[in-house]
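Residue-level structural notes
Each chain, letter by letter, is given below.
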Amino acid sequence: MSASTHTISLLIENQSGSLSRVAGLFSSRGYNISSLTVAETDDPSVARMTIVTSGDDDILEQIVKQLNKLIDVIKVIDFIEDLIIERELLLIRIDSTKSSRHEIIELANLFKAGIASVSPTSVTLEFMGTKQQVDDLITMLKPHGIKETVRSGAVAVAKARK
Amino acid sequence: MKTGNREEYAEEVLKKTGAQIVVDALVQEGVDVVFGYPGGVVIPIFDVLYDTKELTFVLTRHEQGAAHAADGYARATGRVGVCIATSGPGAVNIMTGVATAYLDSIPMVAITGQVASPLLGTDAFQEADVVGISRPITKHNFLVKNVNDLPVVLKQAFHIARTGRPGPVLVDVPIDVARGIVDKYEYPSSVSIRSYKPTVNGHPKQIEKVAELIAKSERPLIYAGGGCIASGCHEELRKLAETTNIPVTVTFMGLGCFPAEHPLFIGMPGMHGAKCANYTLQNCDLIVSVGARFDDRVTGFVEKFAPNASIIHIDIDPASVSKIMKVDIPVVGDAKNILTALNKKIKPRPADAWNEKVMGWKGAKLFTYQPSDTEIKPQSVIETLYDITKGDAVVCTEVGQHQMWTAQYYKFKKPRSLVSSGGLGTMGFGLPAAMGAALTNPGVPVFDIAGDGSIQMNIQELATISINKIPVKVVILNNSYLGMVRQWQQLFYNKRYSATCLRHSIKCPECKGPQECEKKYIPDFVALSESYGIPAFRTDKPSEVTEILRKGIEIDGPCVMEFIVSAEENVFPMVPAGKPIDEILEES
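Bear in mind that the values here come from a model prediction, so they are computed numbers and not experimental data. (Residues numbered from 1 in each chain as written. Chains lettered and ligands numbered in written order. Predicted model: local features only at pLDDT ≥ 70, side-chain atom pairs only at ≥ 80, totals over all residues. Heavy atoms only, no water.)

1. Remarks on helix 9 (residues 204-216) of chain B
Structural remark: α-helix, 3.6 residues per turn; residues separated by three or four positions point the same way. Spanning 13 residues, helix 9 of chain B covers 19 Å between terminal C-alpha atoms, matching the ideal 18 Å at 1.5 Å per step. Buried residues along helix 9 of chain B sit against helix 11 (234-244), strand 11 (286-290), strand 12 (310-315), strand 13 (329-332) and helix 14 (335-345) of chain B. (Helix = DSSP H or I, 4+ residues; strand = E, 2+ residues; numbered from the N terminus. Expected span 1.5 Å × (residues − 1). Contact = heavy atoms within 4.5 Å.)

2. Concerning a nonpolar patch on the surface
Residue and element names in this part refer to chain B. There is a patch of nonpolar side chains on the surface, built from Leu-491, Phe-492, Tyr-493 and Leu-585 and spanning about 350 Å² of accessible area. Note that Leu-585 resides in the segment after strand 19 (559-564). For Leu-585, a relative accessible area of 31% gives the class partly exposed. (Patch = residues over 30% accessible without salt bridge, like charges linked within 9 Å, V, L, I, M, F, W, Y side chains within 5 Å. Areas by Shrake-Rupley, 256 points an atom, 1.4 Å probe, with all protein chains shown as cover. Salt bridge = Lys/Arg side-chain N within 4 Å of Asp/Glu carboxyl O. Buried < 20%, exposed > 50% of the residue type's maximum accessible area, 1.4 Å probe, protein only.)

3. Digging into the nonpolar core
Ile287(B) and Phe563(B) are the most contacted members of the largest nonpolar core, which has 89 residues in total. Both domains that meet at this core, namely domain 2 (204-362) and domain 3 (378-564) of chain B, each give it at least three residues. (Core = buried A, V, L, I, M, F, W, Y, C linked by side-chain atoms within 4.5 Å. Domains from an automatic or database assignment.)

4. Comments concerning the packing of aromatic side chains
Residue and element names in this part refer to chain B. Scanning the entire structure with this criterion turns up 14 aromatic pairs over all chains. Their ring planes at 50° and their centres at 6.0 Å tell us that Tyr-279 and Trp-361 sit as a pair that is tilted. Taken as a pair, Tyr-279 in helix 12 (residues 275-283) and Trp-361 in helix 15 (residues 353-362) lie far apart in primary sequence, 82 residues in all. What makes Tyr-279 partly exposed here is its relative accessible area of 25%. Looking at Trp-361, the relative accessible area reads 26%, which means it is partly exposed. By the ring-pair criterion, three or more aromatic residues cluster together here, those being Tyr-223, Phe-294 and Phe-305. (Phe/Tyr/Trp six-rings, centres within 6.5 Å; stacked < 30°, edge-to-face > 60°.)

5. Brief notes about the domain arrangement of chain B
Residues and elements named next belong to chain B. Once the domains are mapped, chain B shows domain 1 (2-182), domain 2 (204-362) and domain 3 (378-564). For domain 1 versus domain 3, the separation of C-alpha centres amounts to 32 Å. At the boundary of domain 1 with domain 3, total buried surface from both sides reaches about 1800 Å², with 67% on carbon and sulfur atoms. When the buried surface of domain 1 facing domain 3 is broken down by residue, Arg-61, His-68 and Arg-75 rank first, second and third, together holding 30% of it. If you look at where domain 1 meets domain 3, you find zero salt bridges. On inspection of domain 1 and its partner domain 3, the count reaches seven residue pairs in polar contact (both at pLDDT 80 or more). For the side of domain 1 that touches domain 3, the elements supplying multiple residues, two or more each, are strand 2 (33-36), strand 3 (56-59), helix 4 (63-77) and helix 5 (89-103). Among the elements that line the side of domain 1 that touches domain 3, the one with the most residues is helix 4, at eleven residues. (Buried area = accessible area lost by both parts, 1.4 Å probe. Polar contact = N/O pair within 3.5 Å; in protein donor to acceptor, adjacent residues only side chain to side chain.)

In structure tokens form, the structure reads like this:
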């Protein structure tokens, strides 16, 4: 069985300590976390976590079960790859000179990325897309010299049933 | 005017401090014995305990002892054990006990004091991040920051500890919360936690499938574990086994859930299990696992474990299912409910050639050793103890060789008659646990079978036992070694007994073995026990074993019996760690 990337979404009691229970579970049992995002939901007593993890089917099954076992966890949704809408936010600052700025802006337009800020020596872009699109944009920008990259980690929601 | 006074009085009655609420919650939950140790920030709670008549508080001599005693109380009764410790060092000292309870799924509520909440995170005197430290070794834990939350938190703590797969729950109470006041206190009568709803009834379709697979199988085996004790399904288990004539192997944690004298009993499986149990596991075509978790001490090399078997896994914890072994039919729920439902579906199965084969492996005795007239064989002490008590005793153990010999040679016939740290393997567990078990008045004698190494890890509890006249009978099998590790060194490390001889000193010349050693054994357990005011006996003569055990049982109150046993006795059979369970080492 090969390791695959997986997105898990969970609803958890919005209390101090909840995040460390989840993070502690992953570290103590040796599971990977590629990214983890957490924020309050429309119900302020509940927080939503989106965790991107990897492992083979057996490990993923255990991760879901162990998460469910945490007393504070209300619900675990194990997303199936092609049935989700997944987005990640990227803020990226790139070196730029007068001559290269145009090229960067062109790339930004191509990706439908926004220009968050411009200075005489740099351009900061903002971009939202799938993990793959974020990766692609970073690859394209690399030759210009990346000063700083900030990725939010993925958030995901299930597609509406037709 | 008068009416007003009455209302004021009524309001006054409902007013309670956090400390009063903690103690009232214990009383409301039916706790009759609490173990603990005071300290600065728990003084408010102890101040309330001072006047409380509804429960007995037992002052141990170490917080670790309090945690193990609460655990022993829980194991002997199935009720929630409770211990109290102060912040910082007190709380950290109970952690070994909390982890021990966690690994064996024992219901426990640990209450720890904490520095005042405004001081949290300031490295205050005796401050430790106790919820942080205990997070991976508790089923759940709480830090109570508002006294108004305390009643609900305590109710939830007991509920979580005793339901589902039981486990320890820790409640950390800052001193300002203990001193804080709730205006209209009422202990909640019910509890509902939206994120915690354990499944207790097995799915009927799954149970149907289980019955079908059992009917189809040719070489079935029941593999019963600690979950059978937790759910109290020993009668249902027996009915299942007797109706279907399926042989039963019982894990260390399950011992007592199926009578060891029963013809279908084939012993404990695994590293120091019966050969019969291991051969049956390796040759069966179906394992009916009830409340067991395929621990590595049972499976040995997992890839070669029970290679021909389909697996039915009955367990209350879904995370146990398919964690180690791929399971064919999982049934999640309480074992008692599931077996009750299953017993209505199963068809009788006559004993057949498979039974005959298994009984052939079983032979006349599940375990044997070389007897001796000149030195006491440790196994013989356990056998004699069984012969005298006939299984009517609560037998607690420490951890090591003596623990395995107890599992092998004491024929447990009732659930909750073995109290031992299986999962964590905590040396020093037995003495305080026996104390907790004895305080439940089980109506039978309570023993702590100990090695001379383990007993010293919590020996301070002899004071608690003596002062409170708690009738614990301590049996020390003294081989002057940390025997289990020494055994591994003998078998796998070329007899290099590094740090396992308890006579060894930093000034020892080259060691010529225990026979040549002229050093005195320290301590003198008899003198030590007597200094605690506990009668004690010692012998190294096989002929005196029975007499001393009888004398110890007859004494009204605690006693210590020390048996100087053959020093280099090993626990056999043995499957070396990581080997398939049918590659068995035996006494040569």
